[in-house]
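Structural overview for review
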Amino acid sequence: PMKIMTVLGTRPQIIKAGPVSAALAQAGITEVLVHTGQHYDSNMSDVFFDELGLKPPQYMLSVGSGTLGYQVGEGLQRIEAILKAEAPDMLLVYGDTSATMAGALAAAYHHIPLAHVEAGLRSFNRRMPEEINRVTTDHLAQWCFVPTQTAVENLAKEGICHGQADRYVYRVGDVMLDAATHYLQRAQAKHPDFYATNGLTEQPYVLLTMHRAETTAAPEKVLRLLQQLDTTAQKQGWTVLFPVHPRTQPLIEAIAPTLKTIRCVPPLSYLEMLLAEAGAYWIVTDSGGVQKEAAFFQVPCLTLRTETEWVETITSGWNQIVGFDPETLGNRLLQRQVPEETIHHLYGHGQAAQAIAKALLNHYTPARAVPAT
């Protein structure tokens, strides 16, 4: 059977891999799962895989944190050793992390065909390491699996087109929609008392997440945004649920006790986070994944960034960019509108994983690649 080696390194990538791994197995494709351990904490352990009903990785590399150069270099070196041992027909990567970059380079150096899930995304901000990773990976990949039409167009502008020089560009939809749909049902079954336990049944609530390096690099901005949100929520009679990321924790310790409506809680599991998103009245976030999940669950979202790679969430009206200005945030919170249309049709109706497995089987004649020495 065809043998695919999947390289991932972060929690969001494990979530994306869930539906794809299931679809590959269903199609009779053997998958070797390699986790670089780029993010390692208790949420990344067997408990996390178990929560999602996934088999743990065959290889756990424990690269850990460090500079981007360290993560990519160390990941590359360790992945090469596994490529030699496993000799896969193809290597598959997700998104835009250091693990993605390490996997893409390993495939290129060893002449192993590369598939990139979530290809074609662009923020057009080269100061973001994620942008460098996704652009490089797209240009090295034989298979670009793109979530949206915008992503197809982004690739075409860079000369990456379907059928050109053995390149395959497939608009399959977004595996995050597959995952959100699949795992929300699992979450409801596993955490039936989530809303009652967290005191979220009495009044509308705002879900807040804030953890990106560019946000937390300016502590005074974080505090002003929190104060604005607290004031607005108090006037409107809302609760604010704020799962606090370890990076944000030290910034808010002094202010947290003074906040009236903002309930700071430890980080939520992925399944709990889906429930928190699905039941919210508003979502305020700086996370890419949360912006999309908000739109999937039809919850209006305000994004604390100056740009987003998920332009469809903006053009459809489900998401608005507010930057870091507290006044803008306060004003937008008072102007909540719910668009008439869902955006599911833009993201593939939750069938992306099956489309990926089918395309890989259709276009690949297994001729086991021999890694270069």
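The sections below set out a description of the structure shown in this document. Here, residues in each chain are numbered from 1, in the same order as that chain's written sequence. Confidence filtering applies because this is a predicted model: local features only for residues at pLDDT of at least 70, side-chain atom pairs given and counted only at 80 or more, and all residues used for totals across whole chains, interfaces and linings. Values shown for side chains rest on all heavy atoms present in the structure; no hydrogens or waters enter the calculation.

Things to note about the overall build of the chain
Note the threshold: For the purposes of this entry, the term helix denotes a DSSP run of H or I that reaches at least four residues, the term strand denotes a run of E that reaches at least two, and both are numbered from the N terminus. When we talk radius of gyration, it's over C-alpha atoms, and the globule rule is simply 2.2 Å times the number of residues to the 0.38. Only protein chains enter the accessibility calculation, which uses a 1.4 Å probe; a residue whose area is less than 20% of its type maximum is buried, one above 50% is exposed, and one in between is partly exposed. By the convention used here, residues are in contact when the closest approach between their heavy atoms is within 4.5 Å. Neither His nor the chain ends contribute to the count of charged residues, in which Lys and Arg are positive and Asp and Glu negative. The location of each charge is read from NZ of Lys, CZ of Arg, CG of Asp or CD of Glu.
Along the chain, the regular secondary structure elements total 16 helices and 13 strands. The C-alpha atoms of the chain give a radius of gyration of 21 Å, which matches the 21 Å a tight globule of 373 residues would have. Overall size of the chain, expressed as C-alpha extent along the three principal axes, is 65 × 40 × 40 Å. Going through the 373 residues of the chain one by one, you find that 56% of them count as buried. For the chain, long-range pairs separated by at least 24 residues make up 70% of all intrachain contacts whose partners lie at least 6 apart in sequence. Of note, the chain has its 28 positive side-chain charges centred 2 Å away from the centre of its 36 negative side-chain charges.

Remarks on the packing of helix α7 (residues 175-190) against helix α13 (residues 288-296)
Note the threshold: Between N-to-C directions, angles cover 0 to 180 degrees, with each direction set by a line fitted to C-alpha atoms, over the stretch in contact for helices. In these notes the angle categories are as follows: under 35 degrees is roughly parallel, over 145 is roughly antiparallel, 65 to 115 is roughly perpendicular, and the rest is oblique. Should the near helix be turned counterclockwise from the far one by less than a right angle, the crossing is left-handed, whereas a clockwise turn marks it as right-handed.
It is the contact of α7 with α13, at a shortest axis distance of 10 Å, that shows an interaxial angle of 60°. One element, α7, and the other, α13, form an angle in the oblique class. α13 is crossed by α7, and the crossing has right-handed handedness. Contacts between α7 and α13 involve Met-176, Leu-177 and Ala-180 on the former and, on the latter, Gly-289, Lys-292, Glu-293 and Phe-296.

A few points about helix α15 (residues 326-333)
Formally: As used here, the arc is the angular range of directions from the helix axis to the C-beta atoms.
The set of residues buried in α15 consists of Pro-326, Leu-329, Gly-330 and Leu-333. Down the axis of α15, the sector holding all buried residues measures 95°, keeping them to one side. The inward-facing, buried residues of α15 contact α10 (219-236), β11 (282-285) and β12 (301-303).

Observations concerning unusual backbone geometry
Positive phi is not limited to glycine here, since Glu-118 has a value of about 80°. Mapping Glu-118 onto the fold places it in the loop between β5 (114-117) and α5 (129-140). One non-glycine residue, Ala-165, lies in the positive phi region at around 50°. Mapped onto the fold, Ala-165 is located in the loop between α6 (149-157) and β7 (168-171).

Observations regarding α10
So the rule is basically this: What a helix should span is 1.5 Å times the count of its residues minus one.
Along its 18 residues, α10 runs 26 Å from first to last C-alpha, staying within 8% of the 26 Å computed at 1.5 Å per residue. Every buried residue of α10 is listed here: Val-222, Leu-225, Leu-226, Leu-229, Asp-230, Thr-232 and Ala-233. Where α10 is buried, its residues meet β8 (205-209), α9 (213-216), β9 (239-243), α11 (249-252), β10 (262-265) and α15. Phi turns positive one or two residues past the end of α10, at Gly-237, with a value near 75°.

So, the environment of Val-222
Residue position: Val-222 is located in helix α10. Taking the relative accessible area as the measure of exposure, Val-222 reaches 1% and is therefore buried. For the pair Val-222 and Pro-267, spaced 45 residues apart in sequence, the C-alpha to C-alpha distance is 18 Å. The contacts of Val-222, once residues within four sequence positions are left out, are Met-210, Thr-215, Thr-216, Leu-251 and Ile-252.

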